[in-house]
Structures are given as structure tokens and as C-alpha cells.
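What follows is each chain in one-letter form.
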Amino acid sequence: QVQIVESGGGLVQPGGSLRLSCAASVRIFNIYAMNWYRQAPGKQRELVAGISSGGNKNYVDSVKGRFTISRDNAKRMVYLQLNNLKPEDTAVYYCKARNGVLGDSWGQGTQVTVSS
């Protein structure tokens, strides 16, 4: 089981930036694909960005060009850089570690609020 802890959320004005961090407590980190999800009030949780164990990245269309996912395997960390934030980006952001054999592990989430 992987323990996941997210941080970096907060209140930001439209057009602003945040950097979310995800720390994974696991002995072997680079066998996991890492994903960022978000859930806005009254909406389903959606996949925002993912990065494979090999470093391949994917994004939901609504954040392409604004969000960047990265990972540091030595530090067992995943990051999500959020730029040009919009009010519709307001949500709780969750980090998930995924391995096809070992299963999935979720963090508790970090709140991102975009408001003037």
C-alpha cells in the first residue's frame, strides 16, 4: 500500500498559479503511474493529468497548455503546476498512485479555490 499526501492547494485569483505536490511513501516508486484527479462540488471526480512510470504524460483537454505534470522518482514526488487558473478549476485535487498488479492508492486531497 502506498501512502499519498498532497499539498500546495489554496486560494488564488483568476490567472494565478499554484504548484501542487504529491508525496508517495513507498519503497519502489518508479513502478507506479501517477495521476491527478479533481472533484468540484456536485460533480464527478475527473482525471486531470497523468504521468506513466516511463514519463509519458496526458492531460484532459480543458487543462492542456495550462497545467504541467512532472515526477521526481528519486524524491518519490509528483507535481502539478497550475497556470492561468480559472474559476472552473476550483475543486479538491487528488493524487493517485496506480499499478496494474499492486492496485491504486489515493491521497486525501488538497483544495484549490480560484476566485477574485
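Residues numbered from 1 in each chain as written. Predicted model: local features only at pLDDT ≥ 70, side-chain atom pairs only at ≥ 80, totals over all residues. Heavy atoms only, no water.

## Topic: the side chain of R71
Structurally, R71 can be placed in strand β7 (residues 67-72). No salt bridge is formed by the buried R71; the nearest opposite charge belongs to D72, separated by 8.4 Å. A distance of 2.8 Å separates polar atoms of two side chains, one belonging to R71 and the other to N73. For R71, the contacting residues outside a window of four places in its chain are F29, N30, Y32, A33, M34, I51, S52, S53, M77 and V78. (Helix = DSSP H or I, 4+ residues; strand = E, 2+ residues; numbered from the N terminus. Buried < 20%, exposed > 50% of the residue type's maximum accessible area, 1.4 Å probe, protein only. Lys, Arg positive; Asp, Glu negative; His and termini not counted. Salt bridge = Lys/Arg side-chain N within 4 Å of Asp/Glu carboxyl O. Polar contact = N/O pair within 3.5 Å; in protein donor to acceptor, adjacent residues only side chain to side chain. Contact = heavy atoms within 4.5 Å.)

## Re the nonpolar core
With 29 residues, the main nonpolar core has I4, M34, W36, F67, L80, L82 and Y93 as its most contacted residues. Counting residues per element, the ones that place at least two in this core are β3 (18-25), β4 (33-39), β5 (46-51), β7, β8 (77-82), β9 (91-99) and β11 (110-114). Those residues within four positions of M34 in sequence are excluded, and the remaining contacts are I4, C22, F29, A49, G50, I51, I69, R71, V78, C95, K96 and A97. (Core = buried A, V, L, I, M, F, W, Y, C linked by side-chain atoms within 4.5 Å.)

## Some details on the pattern of salt bridges
Counted under the stated rule, the structure contains five salt bridges. In this structure, E46 and R38 form a salt bridge, with 2.7 Å as the shortest nitrogen-oxygen distance. Residue classification places R38 among the buried residues on the basis of a relative accessible area of 6%. Through salt bridges with shared partners, one network takes in R38, E46, R66 and D89.

## Let's talk about the pairing of β9
Each regular strand displays side chains that alternate between the two surfaces of the sheet. Most of β9 sits inside the fold, with seven of its nine residues counted as buried. Relative to strand β10 (residues 103-106), β9 is paired through four bridges, and the arrangement is antiparallel. When the sheet's bridge partners are listed, A97 is paired in β10 with S105. Between β9 and β10, which pair antiparallel one after the other, the connecting turn spans three residues. (Pairing = 2+ DSSP bridges.)

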